[in-house]
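# Results of the structural survey
Letter by letter, the chains look like this.
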Amino acid sequence: MGTLTKGRYLVLRGLLLLIYCTASVISKGGATGDAQPDAVPSVQGTLPHFIQEPEDAYIVKSNPIKLRCRAVPALQIFFKCNGEWVHQNEHFSHEYKDLNTGLKVREVMINVSRQQVEDFHGPEDYWCLCVAWSHLGTSKSRKATVRIAYLRKNFEQDPQGKEVPINGMIVLHCRPPEGVPAAEVEWLKNEELVNSLTDDNIDTRADHNLIINEARLSDSGNYTCLASNVVAKRRSATATVIVFVNGGWSLWTEWSACNAPCGRGVQKRSRTCTNPAPLNGGAFCEGMSVQKITCNAPCPIDGGWNEWSQWTVCSSQCERQRTRECNSPIPRHRGKMCEGNSEATENCTDGLCTQNRKLLHDVKPQSMESSNDVALYSGLGAGIITVAILVVAVMLYRKNHSEYGVDVIDSSALTGGFQSFNFKNTRQGVAERAEFHAKAPAETFPRDLSRDYCSTMDRRKKGLLTLNGPFSSCKEPLRTTGVFGHHGGRLVVPNTGVSLLVPHGSVAENMSWEMYMVINQGEASVQTLDSCEILLGPEVTYGPPGLDLFCPVAMTIAHCAEVDAENWNIQLKRRTQDSKWEEVMSVEEESTSCYCLMDSTSCHLLLDQPGSYALVGEPLTQAAIKRLKLAVFGTMEVGSMSYTLRVYCVDDTPHAFQGVVAAEKTRGGQLLEEPKMLPFRANTFSLQVSIQDVPQFLWSIKPFTTCQEFSFPQVWCSNQQPLYCAFSLERYSPVTAQLSCKISVRQVKGHEQILQVYTAVAETEKESVPFFMQTDCTITSQTGPKAFKIPLSIRQRICATFDTANAKGKDWQLLAQKLHLDRNLGYFAKQRSPSAVILSLWEARHQDTSDLDSLASALEEIGKIHSKSSPKDQDDCESDSIHIEASSLYGTGRLTSQNTEDCTSEYTG
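So, how was this worked out
Residues numbered from 1 in each chain as written. Predicted model: local features only at pLDDT ≥ 70, side-chain atom pairs only at ≥ 80, totals over all residues. Heavy atoms only, no water. Buried < 20%, exposed > 50% of the residue type's maximum accessible area, 1.4 Å probe, protein only. Helix = DSSP H or I, 4+ residues; strand = E, 2+ residues; numbered from the N terminus. Arc of directions from axis to C-beta. Pairing = 2+ DSSP bridges. Axes fitted to C-alpha atoms, helices over the stretch in contact; angles between N-to-C directions. Parallel < 35°, antiparallel > 145°, perpendicular 65-115°, else oblique. Left-handed = near helix turned anticlockwise from the far one by under 90°. Contact = heavy atoms within 4.5 Å. Nonpolar A, V, L, I, M, F, W, Y, C, P; charged D, E, K, R; others polar. Polar contact = N/O pair within 3.5 Å; in protein donor to acceptor, adjacent residues only side chain to side chain. Disulfide = S-S within 2.5 Å. pLDDT = per-residue confidence, 0-100.

### Some details on helix α8 (residues 792–802)
By the burial criterion, the buried members of α8 are Ile 794, Arg 795, Ile 798, Cys 799, Thr 801 and Phe 802. Viewed along the axis of α8, the buried residues span an arc of 165°, placing them on a single side of the element.

See the structure below:
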């Protein structure tokens, strides 16, 4: 930029003063002349006044800025920048007349480039001001600074995502990037501008922060801090705000009616976690959703007649009367009224009463009454004789039954005693809840069941009942062990339906535990005399005590109940240190201490504490069903014409049947028919086993042994111990090499099952008929990835995707719902990784399946739902990742199943 020297400046100033003086003289000389119409208004006596002063400016990129000055009256205007005059050639000036005031206005403009500002190195910013001259002197304008504008890319502080409860305060911090001029901040929610002026709940004025005083559900979303100045706009990282709602219980419903029409029953009341329902990952309600209490419904009481009253005095009609009332007892609770008449009338003169001298009753009816009495006594005599004949026949039958030694074996003789089973008789109403008592058995069973039960007990005490069964109450427990580290694994007791899954990451890194699992083979220790519970599966212990894991293990136990909440009360029990059993949870109730999932044949448990566990069931109604497995085995006695059939009735669990298999191995028995299942109802009726269609001309069977019977308590309270009865047949000729017959097993007033027997009985062919459908499995533990169906990398990706709460609902609760595990969610919510625990439960539930298609289908369905509801790019990426996980699972199970088929199939018949 060119500048004026000091000498030139003084010369110029002198010229201006000369011109000013000349003009003054002229103006004084012409003052007396005529006025000129176009003369400019006089501004004598004033200094230049700035109408427009230069303003601060910012250079954007390489574009120069313009500085302007306007002053009146002004003979000349020059810019001075950084203390030096700007060359006259760089000024752009012009003069015009203000139409409002009639004064001449001078305007001057200069350009300032980016290079000029960058080349200036001074103690302050680049500045410029204007100097205006008039005949009285000079005036200076304000200083205007010129700076190079910029805005850096990175925010000094990005807002962070938050999860806040409803009505809580939300504070999102934002420090914009450094810039000149300083950036202005705005907030976007889901790409829409947040306006604090229209919403009193939102404040955006405090240091660029966004403050929401009371969070609402509508405040959930993706928030972005937007910084801008004259140069550019910058966007911060997106912060996801989730406003969650913790679940709250609704009010309890009214207690339901007692579910038993008569006697002991159950009343229920429930509540739901809907006041409010948990939203956006909010905590599930703690506590039970269903409460049960016992109730006693009054049984119907039929009315009964009291004694007849005394006869009245004989009336003039020759009749007398008497009455009785139906109050002994009075019918109550829908009981029946008394049958018969409440009044009786008879002739009081034996037919000799006369009235008006006429005979009212003849003697003939008296003779008829005599003949009727003779017929009555004859009928009674015939009935007594018939009853006596029946009693003699029954006694002979029982005597022959004992002489031929019917081979009936039951677990009661092995385990030390029965527990009596009580249902109320029909007079008291049909009971819907079973009770076990140690009280007088003679009053316990209807239909004389107590008689058979007591006789069995008495004979056992006296040593009269000879047992030849293969079972012993002192069996060694089944035990399996394995050493597990950080990668986890699986423990399996072969062919029992019992396994233990140790999830990946449950053991700390650089550590290992020697874990074991034991099945009690002896008498069930969980029984108590004051309880009506029965054992539905084996007693299982896992350890060691003091085991410290980061997440629960998954234990699978097979059971024999037809699961129905209306008919069963099923509980999980644990043995305490003093060898007593305490209730852990009821299957139908919710608990945060453990998780129980009942399938049709197995129970899957999530447990945190090692110890002994048992699944017990209490029948609530007579419709409760326990599954029995029926099997028939045969052996030919060496050097004999006899052939023995043994029919087994055992609880339908793999562990219980393996006891039968082991015993028959030692006997050399053959399985003659595929085992079958029989539903056994809790209706107090016995189980009958009979042999039918035996060829009469080829085989003989001892008399009175074709039908044998197990009492109801023997079968119902077997507690995993097998029962069997034997039929001994004898060939008439050694030539007979085939045996064909039927075995009928039926419960009185219940179900029936037929076992068809067709076998070769020749000794040379005996070993050719196998009865094992599975190979003997020796693999009891697996460690590392081969023990799991879900590959570790996919498992970790699923947990990372679903453990993080998402405003659109894509969290572990949705995963549980799609895998049909969406009950007792409060237990999962307490876990460090809910998704990992859900996947462990899925692994335990599907250990016998061959692939992962069900899990892949669930993930694919979740991905489709969110790809439709979330069109944004980021959500598309998340949905794509779910699709990738699902697609990677298809076929994976078929590959890994080759490594896990070693022992998963169990013989269940």
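### Digging into the pairing of strand β8 (residues 126–133)
Counting buried positions along β8 gives eight out of eight residues, so the element sits mostly inside the fold. Burial along β8 is two-sided: Tyr 126, Cys 128, Cys 130 and Ala 132 and Trp 127, Leu 129, Val 131 and Trp 133, pointing in opposite directions, are all buried. The pairing of strand β4 (residues 76–81) with β8 spans six bridges and is antiparallel. Its bridge partner being in β8, Gln 76 is matched across the sheet by Trp 133.

### Brief notes about the packing of α8 against helix α11 (residues 834–845)
Look at α8 against α11: their axes get within 8 Å of each other, and the N-to-C directions meet at 135°. Taken as axis vectors, α8 and α11 run oblique relative to one another. Between α8 and α11 lies a crossing whose hand is right-handed. Contact residues: α8 offers Arg 795, Ile 798, Cys 799 and Phe 802, while α11 offers Ser 835, Ala 836, Leu 839 and Ser 840. A class-by-class count of the residues in the contact of α8 with α11 yields five nonpolar, two polar and one charged.

### Let's talk about the sheet that holds strand β32 (residues 489–493)
Strand order in the open sheet formed by six strands is β40-β41-β37-β33-β32-β53, and the pairing between neighbours is antiparallel. In this open sheet, the two strands that pair with only one neighbour each are β40 (595–598) and β53 (781–783). Mean inter-strand twist for the sheet, computed between neighbouring axes without regard to direction, equals 15°. Together, β32, β33 (498–502), β37 (553–558), β40 and β41 (602–607) form the strand contacts of α11, whose direction differs from that of β41 by roughly 150°.

### Topic: the side chain of Gln 714
Following the sequence through the fold, Gln 714 ends up in helix α7 (residues 712–716). In this structure the side chain of Gln 714 is engaged in a polar contact, spanning 2.8 Å, whose partner is the backbone nitrogen of Ser 711.

### Here's the deal with the state of the cysteines
Enumeration over the complete set of coordinates arrives at eight disulfides. The side chain of Cys 69 participates in a disulfide bridge whose partner is Cys 130; the two sulfur atoms lie 1.6 Å from each other. Disulfide Cys 69 to Cys 130: torsion about the S-S bond roughly 90°, handedness right-handed. Of this pair, Cys 69 sits in strand β3 (residues 65–72) while Cys 130 sits in strand β8, and the two are 61 residues apart along the sequence. Using a relative accessible area of 0% as the deciding quantity, one classes Cys 69 as buried. A residue is classified by how much of its surface remains accessible, and Cys 130, at 0% relative accessible area, is buried. Between Cys 273 and Cys 285 runs a disulfide, and the two sulfur atoms are separated by 2.0 Å. In this structure the cystine formed by Cys 273 and Cys 285 twists about its S-S bond by roughly 80°; its chirality is therefore right-handed. Placement of the pair is Cys 273 in the loop between β22 (263–270) and β23 (290–297) and Cys 285 in the loop between β22 and β23, with a sequence separation of twelve residues.

### Structural notes on the confidence of the model for the protein chain
Here the protein chain averages 77 in pLDDT, and 74% of its residues register 70 or above. Here residues 357–368 is a poorly scored stretch, pLDDT under 50, and it has twelve contacts once near neighbours within four places are set aside; other chains count. Across residues 764–776, confidence stays below pLDDT 50; counting only partners more than four residues off in sequence or on other chains, it has 24 contacts.

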